[in-house]
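Chain and residue survey
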Amino acid sequence: MSSQLIGFICVAGMLGMIALRMPIALGMAIAGFVGFGWIVAFDPAISILESGAFETISNYDFSPIPMFIFMGVLASKARMSAELFHGAKTLFGAWRGGMALAAVMSCGIFSAISGSSLATAASMSKVALPEMKKNGYADSLATGTLAAGGTLGIMIPPSIALLLYGLLTEQSVGDMFIAGIIPGFMGLLLYMVAIAITVKIFPQLATPGEATTLRQKLSGLKGLIPFGGIFALIIGGIYGGIFTPTEAASVGAFGALIIALYRGMNRRDFIEAVAETLVVSTMIFFMVIGAEIFSVFLSVSQVSNSLVNTVNELNLSPIMILMCILAFYIVLGMVMDSIAMLLLTVPIVYPLAMAAGFDPIWFGIVTVITVELGLITPPIGMNVFVINSVAKDVRITSIFKGVIPFVLSDIVRLALIIGFPVLALGLL
Amino acid sequence: MRNLIDWIRKLSLGFNIIGGTALILTMVIVLIEVLTRTIFGLTGGAVDLTFNGSFELVRHGMMITFAYSMPYCLARGQVVVDIFTDRWSDRIKSVMSGFYTLLFGIFGFLMTVRLIESAHSASMSGETTQDLALSMDNIYYIAALGMFMLGMRGFALAWEQMFFDDHSQTTGDTL
């Protein structure tokens, strides 16, 4: 049996096992282990297990992951969400839909710091949803805004997804973060435009807020300063070549710790923050170990090469190849977590994209935006279900209806970045 | 059996605390490095408190963090796709989870064996790290201990998921 055929059997087997509730990390590790053992031998396959795990957990390049997660958890413990929302609310004052705009803006900042779409959706919805409902916002707009707002952090640096993509494809993590700045803030801006257009067309969905004076607006900005400062320090430090990503993550985590302590975080909160960091980081590291073992098997089996050759024989244009890859991600995003999806697919898809002549960093940005879409598209749309768990009285269909303008705005952003790669690569 | 499983859970909790401590220490090491480098830069090299080996300390701090927190976080630290099996009975899902956790346990023991072999060969060759000259055999042994705990925790969790109806009692909270 050829190694390619064994490769395809193992990949199919892995997808089957994952569909049967096998943890994704384990699915990748088993497919990699069995496939490598089948093609080479099982004794070296055990060595791949050991080296895959040991090299991953002692890899310096992966060290920013737990630090960024720690920073995000501490930011949550410092009750950042309420302060951000109230600060942003005063900025928009009497605008119709101002609260929805404030919610998106605070989601963008919160998710940039926390790095977790789900944590953002959950935290912000507890603060912003009751206020929007009290002020007569339609359920669909209020919940849709928060579900979509949570997805912004996957692109706005520091982003775990961009970091993992950079490490998997051996691209500079700093470059990935810098490339994510314009697309990330474009996402924020386009979401705000989507809200403005939606309330213009359907004014009954939102009410105007209370007018605020310039003094109140400036005072509201104070709430954005501490964590906005950390964000600026991290990105400025990486962009200016002052910090490596590991150093930026540690400095950011320390800054968040100081703010949290200043705001009264006690010993118990601190222990909980460390424990939560360990759970989330471990979840990612289990998957990274699985992906490392799986990648070794993929290179031995030549599956990616075989896929590249097949696509070359089809004589597809690069844009057609890109569309096929993105369609594949959108379908996969309907059933799978975004980080898991990246770790599982990048080793297979990346050689295909490189053979088509795409810029690796630009391709990473396009991939991550597409993966992000999966968080709010049916039937899974994990952020939608997180919001639904907070707003139990709002029907899922209503939330999905509410995210439509944001899905459209994501598609516009994707089209712009595909059409104008300079939007992702311009700052490099 | 339940007592043994609970004892393993408590032991893995102890390992988790070591992992958490290593994470904080790793952060502190990086901060000290940044701080000393900044002081060096600001004083034009007059005050030199910089030190070698932070790269290695971070690497091994990370290794301890994850090798020692993986056993306790094994149950909660997994991503599964449940859309296709959502309607299956809880009992079947629990047995399947137990089987998969057992595989994690086997992986843990396989890695332990290989890490001990690596430690033996590092000991024979006198292999050390580049900057701090730490002996690699000790580093492999430390990792092997964490992986051994992962193996034990995997078997214990698998047992309770497959045979206990109320396995939440021994799964426990994070800390």
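Model, not experiment: these values are computed from the prediction.

A few words now on the overall build of chain A. Assigned secondary structure in chain A consists of 21 helices and zero strands. Along the longest, intermediate and shortest principal axes, the C-alpha atoms of chain A span 75 × 50 × 40 Å. Each of the 428 residues in chain A was classed as buried or not, and the buried ones make up 60%. Look at the contacts in chain A between residues 6 or more apart in sequence, and 80% of them connect residues 24 or more apart. Looking at chain A as shown, the accessible area adds up to about 15,400 Å², and 68% of this sits on carbon and sulfur atoms.

Before going further, it helps to spend a moment on a nonpolar patch on the surface. Residues and elements named next belong to chain A. On the surface, a nonpolar cluster with roughly 580 Å² of combined accessible area is contributed by Met1, Leu5, Ile9, Val34, Trp38 and Phe42. Every element with two or more residues in the nonpolar patch is listed here: helix H1 (3-19) and helix H2 (24-39). Its location among the elements puts Met1 in the segment before H1. Residue class for Met1 comes out exposed when judged on its relative accessible area of 65%.

What follows is about the interface of chain B and chain A. Every contact between the two is made by 52 residues of chain B and, on the other side, 58 residues of chain A. Carbon and sulfur atoms supply 80% of the area that chain B and chain A bury against each other, a total of about 5,000 Å² over both sides. Summed over the three residues of chain B that lose the most area to chain A, namely Val79, Val81 and Arg114 of chain B, the buried surface amounts to 14% of that side. At the boundary of chain B with chain A, the tally comes to two salt bridges. One salt bridge connects Arg37 of chain B with Glu247 of chain A, and the closest N-O pair in it is separated by 2.7 Å. At the junction of chain B and chain A, the tally comes to nine residue pairs in polar contact (both at pLDDT 80 or more). Every element with two or more residues in the side of chain B that touches chain A is listed here: helix H1 (2-42), helix H2 (54-73), helix H3 (90-125) and helix H4 (136-163) of chain B.

A separate point is unusual backbone geometry. Omega for the peptide link from Pro157 of chain A to Pro158 of chain A comes to 0°, which places this bond in the cis form. Residue position: Pro158 of chain A is located in the loop between helix H8 (139-149) and helix H9 (160-168). Positive phi outside glycine occurs at Asn315 of chain A, with the angle close to 55°. Classification of Asn315 of chain A by relative accessible area gives exposed; the value is 68%. The backbone phi angle of Ala133 of chain B is positive, close to 55°, even though this residue is not glycine.

A few words now on the pattern of salt bridges. Going through the model one piece at a time under the given rule, you end up with 12 salt bridges over all chains. One salt bridge in this structure joins Glu131 of chain A and Lys89 of chain A, with 2.8 Å as the shortest N-O distance. Here Lys89 of chain A lies in helix H5 (residues 80-92) and Glu131 of chain A lies in helix H7 (residues 117-134), a separation of 42 residues in the sequence. Glu131 of chain A sits in the buried class, given a relative accessible area of 16%. A salt bridge links Arg114 of chain B to Glu117 of chain B; its shortest N-O distance comes to 3.1 Å. Note that Arg114 of chain B and Glu117 of chain B are positioned in helix H3 at a spacing of three residues, about one turn of the helix. Taking the relative accessible area as the measure of exposure, Arg114 of chain B reaches 10% and is therefore buried. Taken together, the shared-partner salt bridges connect Asp43 of chain A together with Arg114 and Glu117 of chain B into one network.

All chains considered together, the criterion is met by 22 aromatic pairs over all chains. Seen from their ring centres, Phe92 of chain A and Trp95 of chain A are 5.5 Å apart, and the 70° between their planes marks the pair as edge-to-face. Under the relative-accessibility criterion, Phe92 of chain A is labelled buried at 9%. On the numbers, 5.1 Å between centres and 80° between planes, the contact of Tyr191 of chain A with Phe406 of chain A is edge-to-face. One end of the pair, Tyr191 of chain A, is in helix H10 (residues 173-201); the other, Phe406 of chain A, is in helix H20 (residues 396-419), and 215 residues separate them in sequence. As far as burial versus exposure is concerned, Tyr191 of chain A and Phe406 of chain A are alike and both buried. Connected via pairs of aromatic rings, a cluster forms that spans Phe33 and Phe42 of chain A together with Phe107 of chain B.

Looking at chain A, the pLDDT average stands at 87 and 99% of residues meet or exceed 70. For chain A, helix H19 (residues 382-390) of chain A is the element with the lowest average pLDDT, namely 78, and helix H21 (residues 422-425) of chain A is the one with the highest, namely 94.

For the rest of this paragraph, the subject is helix H13 (residues 245-262) of chain A. Taking 1.5 Å per residue as the helical rise, H13 of chain A with its 18 residues ought to reach 26 Å, and the 25 Å between its terminal C-alpha atoms agrees with that figure. Those residues of H13 of chain A that sit buried are Thr246, Glu247, Ala248, Ala249, Ser250, Val251, Gly252, Ala253, Ala256, Leu257, Ile259 and Ala260 of chain A. Buried residues in H13 of chain A make contact with helix H4 (64-77), helix H12 (225-239) and helix H14 (267-301) of chain A together with H1 and H2 of chain B. Gly264 of chain A lies just past H13 of chain A and shows a positive phi near 95°.

This next bit is on helix H15 (residues 303-313) of chain A. Residues and elements named next belong to chain A. Regarding H15, the residues found buried are Val303, Ser304, Ser306, Val308 and Val311. The inward-facing, buried residues of H15 abut H1, H14, helix H16 (318-333) and helix H17 (338-355). Where H15 terminates, the next one or two residues include Asn315, which has phi positive at roughly 55°.

The rules behind the values
Residues numbered from 1 in each chain as written. Chains lettered and ligands numbered in written order. Predicted model: local features only at pLDDT ≥ 70, side-chain atom pairs only at ≥ 80, totals over all residues. Heavy atoms only, no water. Helix = DSSP H or I, 4+ residues; strand = E, 2+ residues; numbered from the N terminus. Buried < 20%, exposed > 50% of the residue type's maximum accessible area, 1.4 Å probe, protein only. Contact = heavy atoms within 4.5 Å. Areas by Shrake-Rupley, 256 points an atom, 1.4 Å probe, with all protein chains shown as cover. Patch = residues over 30% accessible without salt bridge, like charges linked within 9 Å, V, L, I, M, F, W, Y side chains within 5 Å. Salt bridge = Lys/Arg side-chain N within 4 Å of Asp/Glu carboxyl O. Buried area = accessible area lost by both parts, 1.4 Å probe. Polar contact = N/O pair within 3.5 Å; in protein donor to acceptor, adjacent residues only side chain to side chain. Phe/Tyr/Trp six-rings, centres within 6.5 Å; stacked < 30°, edge-to-face > 60°. pLDDT = per-residue confidence, 0-100. Expected span 1.5 Å × (residues − 1).

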